[in-house]
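What follows is the residue order along each chain.
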Amino acid sequence: MQYGRFPAVDAEAVPSDGFLLDVREDDEWAAGHAEGALHVPMSEFVERLAEVTERAADRKVYVVCRVGGRSAQVTQYLLAQGVDAVNVEGGMKAWEAAGRPLVNDGQGPAHVL
């Protein structure tokens, strides 16, 4: 699927072993996230870009935020840097609605904040 000028996919289409990059802020991440995702908040993204590019190597990067706005911006930035990136449409809200698994860093059930 194509959204605007960059590629996008539905949450259901993200492979279970895909490289998921979560760009939400710390409180959002702590409430609930996909296990194995790399957490690099958008507010820290430029200074932590090397972490993403090192882990990406020759892999597609699936970028996610809460509903898709921040991740769309990061996807565009990564594409400009030559990284094979795709935005997850609907973000973690769509991930949760699709029944994809969530884990958290605290008490109680994981959820999307």
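About the thresholds
Within each chain, residues carry numbers counting from 1 in the order of the written sequence. For this predicted model, a pLDDT threshold of at least 70 governs which residues receive local features, and a threshold of 80 or more governs which side-chain atom pairs are given and counted, while totals over whole chains, interfaces and linings are taken from all residues. Only heavy atoms go into the side-chain values, all of them from the structure, while hydrogens and water stay out. Per-residue accessibility, obtained with a 1.4 Å probe over protein chains only, is compared with the maximum for each type, and a residue is labelled buried under 20%, exposed over 50%, and partly exposed between these values. Strands are runs of DSSP state E lasting at least two residues, helices are runs of H or I lasting at least four, and both sets are numbered from the N terminus onward. Between any two strands, pairing holds if DSSP finds at least two bridges. Orienting the strands away from the viewer, one traces the path from the first strand over the helix to the second; a clockwise path indicates a right-handed crossover. UniProt positions are given in the numbering used here, feature names are shortened, and annotations may be inferred rather than shown by experiment. Throughout, the arc means that of the directions going from the helix axis to the C-beta atoms. Note on contacts: a residue pair is in contact if any heavy atoms of the two residues lie within 4.5 Å. Points on a 1 Å grid, built from protein atoms alone, make a cavity when a 1.4 Å probe fits but cannot get out and make a pocket when they are open with protein on both sides within 12 Å along at least 5 of 7 lines; residues with an atom within 4 Å of a point are the lining residues. Grid points are joined across faces, edges and corners, and a volume is the space filled by probe spheres set on the points. Residues are sorted three ways: Asp, Glu, Lys and Arg are charged, Ala, Val, Leu, Ile, Met, Phe, Trp, Tyr, Cys and Pro are nonpolar, and all the rest, Gly among them, are polar. Centres within 6.5 Å make a pair out of two Phe, Tyr or Trp rings, where for Trp the six-membered ring is used; the pair is then stacked when the planes are under 30 degrees apart, edge-to-face when over 60, and tilted otherwise. Note on geometry: a ring has a charge over it if NZ (lysine) or CZ (arginine) is within 6 Å of the ring centre and within 35 degrees of the ring normal. Polar contact criterion, stated in full: a pair of N or O atoms within 3.5 Å, where within protein one must be able to donate a hydrogen and the other to accept it, and residues adjacent in sequence count only if both atoms are side-chain atoms.

*Asks:* Which residues make up the pairing of strand S5 (residues 61-64), and what are the values?
*Replies:* On any regular strand, side chains alternate: one points to one face of the sheet, the next to the other face. Burial along S5 is two-sided: Val-61 and Val-63 facing one way and Tyr-62 and Val-64 facing the other are all buried. Sheet analysis places strand S3 (residues 19-22) next to S5, joined by four bridges and oriented parallel. By the bridge assignment for S5, Phe-19 is matched with Val-61. Where S5 lies against strand S6 (residues 85-89), three bridges are found, and the strand directions are parallel. Bridging from a neighbouring strand, Val-61 pairs with Ala-85 of S6. On the question of chirality, the crossover connecting S5 to the parallel S6 by way of helix H3 (residues 69-80) is right-handed.

*Asks:* Let's hear about the UniProt feature "domain: Rhodanese" (unreviewed entry) in the chain: which residues, and what values?
*Replies:* In this numbering, the UniProt entry assigns the feature "domain: Rhodanese" (unreviewed entry) to residues 14-104. Between the C-alpha atoms that bound residues 14-104 there is a distance of 20 Å. The span itself is 36% helix and 16% strand.

*Asks:* Account for helix H2 (residues 49-56), with residues named and values stated.
*Replies:* An α-helical turn contains 3.6 residues, so a residue and the one three or four places further along point in the same direction. Buried residues of H2: Leu-49, Val-52 and Ala-56, and no others. Each buried residue of H2 sits inside an arc of 65 degrees when the element is viewed along its axis, so together they form one side. Where H2 is buried, its residues contact S3, strand S4 (38-39), S5 and H3. Backbone geometry just downstream of H2 places Ala-57 in the positive-phi region, at approximately 45 degrees.

*Asks:* So what's going on with the layout of surface pockets? Residues and values would help.
*Replies:* When its volume is computed, the largest pocket comes out at roughly 170 Å³. As for the largest pocket, its lining consists of Val-14, Pro-15, Ser-16, Gly-18, Leu-20, Ala-34, Glu-35, Gly-36, Ala-37, Trp-95, Arg-100 and Pro-101. When its residues are assigned to classes, the lining of the largest pocket shows seven nonpolar, three polar and two charged.

*Asks:* I'd like a description of the environment of Val-63, backed by residues and values.
*Replies:* Among the structural elements, Val-63 can be located in strand S5. Judged by relative accessible area, which is 0%, Val-63 ranks as buried. Through-space distance from the C-alpha of Val-63 to that of Asp-84 is 11 Å; in sequence the pair is 21 residues apart. The contact partners of Val-63, leaving out residues within four places of it in the chain, are Leu-21, Val-23, Ser-71, Val-74, Thr-75, Leu-78, Ala-85, Val-86, Asn-87 and Val-88.

*Asks:* Please set out the packing of aromatic side chains residue by residue, giving values where relevant.
*Replies:* Counted according to the given criterion, the structure contains one aromatic pair. Centre to centre, the rings of Phe-45 and Tyr-77 are 6.1 Å apart; their planes meet at 85 degrees, and the pair counts as edge-to-face. Of the two residues, Phe-45 is situated in the loop between S4 and H2 and Tyr-77 in helix H3; the sequence distance between them amounts to 32 residues. Among the residues examined, Tyr-77 registers a relative accessible area of 29% and is labelled partly exposed. We note Arg-100 situated over the ring of Trp-95; from NZ or CZ to the ring centre the distance is 4.2 Å.

*Asks:* Mind laying out the side chain of His-33, listing which residues take part and the relevant values?
*Replies:* Inspection of the secondary structure assignment puts His-33 in the loop between helix H1 (26-31) and S4. A polar side-chain atom of His-33 sits 2.7 Å from the main-chain carbonyl oxygen of Trp-29. If sequence neighbours within four positions are ignored, His-33 has contacts with Asp-22, Arg-24, Met-92, Pro-101, Leu-102, Val-103, Asn-104 and Asp-105.

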